[in-house]
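Descriptive structure summary
Listed here are the chains, written in short residue letters.
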Amino acid sequence: MQSHSLHASKAQQFWWHHCVSWTRIHPSDSDTVRKMIWKLCVCFSFALHTDPSESATYAMANLSRPEATDLAAGSATQDPPPPQQQQQNGQFDDHQDFSLSPITLQKLPHLSEYVQDLQPARSNPLDRNPFFCPSDGFYITSTDVVLRHTVCRLSPSGTLDSPSHHVAYIRAGPRRNIFFDPSTTKAAIVTCGGLCPGMNTVIRELVVGLWDLYGVRQIFGIKAGYRGFYSTPPVELSPKMVHNWHMRGGTVLGTSRGGFDLKKIVDAIENHSFNQVYIIGGDGTMRGAVKIFEEVQRRKLRVGVTGIPKTVDNDVGIIDRSFGFQTAVEMAQQAIHAAHVEAESAVNGIGLVKLMGRSTGHITLHATLSSRDVDCCLIPETEFYLEGKGGLFEFLEQRLKDRGHAVVVVAEGAGQDLIPRTKDQEEGRDESGNRVFLDVGAWLKSELKKWWDRGHPNELFTVKYIDPTYMIRAVTANATDNLYCTLVAHSAIHGIMAGYTGFVTGPINGNHAYIPLIDVAQAKNEVNTKDHKWEWVRSVTNQPDFVKP
């Protein structure tokens, strides 16, 4: 992590022009613009260690004479009262002055930092592509950044109270110069971990993007996940071969968990002369990608490594969401609707749906909010208990009395500590080293029946349990996720061709950025149960917080 001052001329010009435009539209607010310019002068001067008056002189020189005269005349007007007095007078509003906090730009690894024989930069082939007309602003520069946080809280003094400083990432997109010769570039694409809607779309768009945008002709697919690097020959790919892959679920390349042997993988990359590696996978796969990048860097290989986050659970941190998530939420609603129909059609019927989400409940939460048929939403981030006052059983009994039916949606990682386990089950791990989860849906169905039989032995009761996990994972991506897959694939290509390595591409506040692999591998995206969205869930379901008295 390194702190960088944003380039003065471009940043100043951007804000000065915005101030000028505001003055033209709202000439009566020239005093407001004058104060805004002075605040910006102070901020830029702090970053550049210069006198604020120098920036002010620059600003006035870049305004037309009438606008400069108006702003200069406004300097004699009375300044507004301090923020504390405004707040006391009930005048603390959205238009008060504020100062910007420091910006920390996350450093992104580049091949030029450790590769001695790196080819000199060459012009981007998009300059000669008949379907592109690069103009001013088309190519991304080193001064284009994406802020991690765009929602801030102002303190009474007019400074940013939260966050205390801004983290920024390099914006994704094509660069004017590239560091790979397309005629000698040899790219490898691998898919790892579980299935997710959109995997084939990402593969297709990587192949088509490399071929059509940059003229790369040596593109290979690695079969069966990480172990495919050293266990099976790579498969040559072309746009003609992958043409219809986006219309198929799963991954045509095949996938698997485990099989991560760092030395064998990097040896295979070196032996096959791959100089670009695109790794598609979840959080465990990203941790493996970090090790591959570090070993490639240690060997000083001219190989760019990038990760494309794939997790239907949406548990990868920093980025807005991962591909396949919206498709999963859409498909989950079909299961919820079926459970609601079953429960509503029975006497004392309960529809129970288990959705994906080992450590996070994003699918369960969003599906609950989207369907409005859910009576209880259980996610890994919140605890719950069954028996006693305020427990799940008491809540469901009251709901059955009021409505005659209920729908419960539970994430697979919820309630795992409540399920009895044998010693072997306690120590069980899957191929990726993750703790083996027991079926919370089947367990909850059994506990519901036991509870009803104890208290209502002669009354009708039905539990319809639906587990759509594999149905959701195997479908093709919807339109929104297909578009996302195209953007994330092309962004990854642009980044590697520009010489960046050891990064992940993904949207941050709607803008695609390049994020260091290590940051993404360590970040988590858990549901914040203290924010408005979770409170919205509880207001929709009317469920208690399940906190024991």
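The rules behind each value
Residues numbered from 1 in each chain as written. Predicted model: local features only at pLDDT ≥ 70, side-chain atom pairs only at ≥ 80, totals over all residues. Heavy atoms only, no water. UniProt positions renumbered as here; feature names shortened; annotations may be inferred. Helix = DSSP H or I, 4+ residues; strand = E, 2+ residues; numbered from the N terminus. Buried < 20%, exposed > 50% of the residue type's maximum accessible area, 1.4 Å probe, protein only. Contact = heavy atoms within 4.5 Å. Areas by Shrake-Rupley, 256 points an atom, 1.4 Å probe, with all protein chains shown as cover. Core = buried A, V, L, I, M, F, W, Y, C linked by side-chain atoms within 4.5 Å. Polar contact = N/O pair within 3.5 Å; in protein donor to acceptor, adjacent residues only side chain to side chain. Salt bridge = Lys/Arg side-chain N within 4 Å of Asp/Glu carboxyl O.

The protein chain is annotated in an unreviewed UniProt entry as ATP-dependent 6-phosphofructokinase from Hibiscus sabdariffa. As its UniProt record puts it under Catalytic activity (unreviewed entry), the protein chain is described as follows: "beta-D-fructose 6-phosphate + ATP = beta-D-fructose 1,6-bisphosphate + ADP + H(+)". Per UniProt, the protein chain has the following entry under Subcellular location (unreviewed entry): "Cytoplasm".

1. A closer look at the overall build of the protein chain
A count of helices and strands for the protein chain gives 18 helices and 19 strands. Taken over 549 residues, the protein chain has a buried fraction of 50%. Partitioning the intrachain contacts of the protein chain with sequence separation of at least 6 by distance along the chain shows that 77% fall at a separation of at least 24. Accessible surface, the protein chain as shown: approximately 26000 Å² in total, 51% of it carbon and sulfur.

2. Examining the nonpolar core
Among the nonpolar cores identified, the biggest contains 104 residues, and I189, L206, F229, Y278 and F323 are the most heavily contacted of them. With nine residues, helix 6 (residues 199-214) is the single largest residue contributor to this core. For F229, the residues in contact, after removing those within four places along its chain, are V190, I222, I265, A268, I269, H272 and V277.

3. As for the environment of D439
With respect to the secondary-structure elements, D439 resides in the loop between helix 13 (423-427) and helix 14 (440-455). Separated by 20 residues in sequence, D439 and I419 have C-alpha atoms that sit 8.9 Å apart. Within the structure, D439 has its side chain in polar contact with the backbone nitrogen of G441 (distance 3.0 Å).

4. Considering the pattern of salt bridges
In total, this model carries 16 salt bridges according to the counting rule given. Among the salt bridges present, the one from R299 reaches D267, with a minimum N-O distance of 2.8 Å. Here the residue R299 occupies a position in the loop between helix 9 (283-298) and strand 13 (304-309), and D267 occupies one in helix 8 (residues 262-271), the gap between them amounting to 32 residues. The network of salt bridges with common partners includes K263, D267, E270, E295, R298 and R299.

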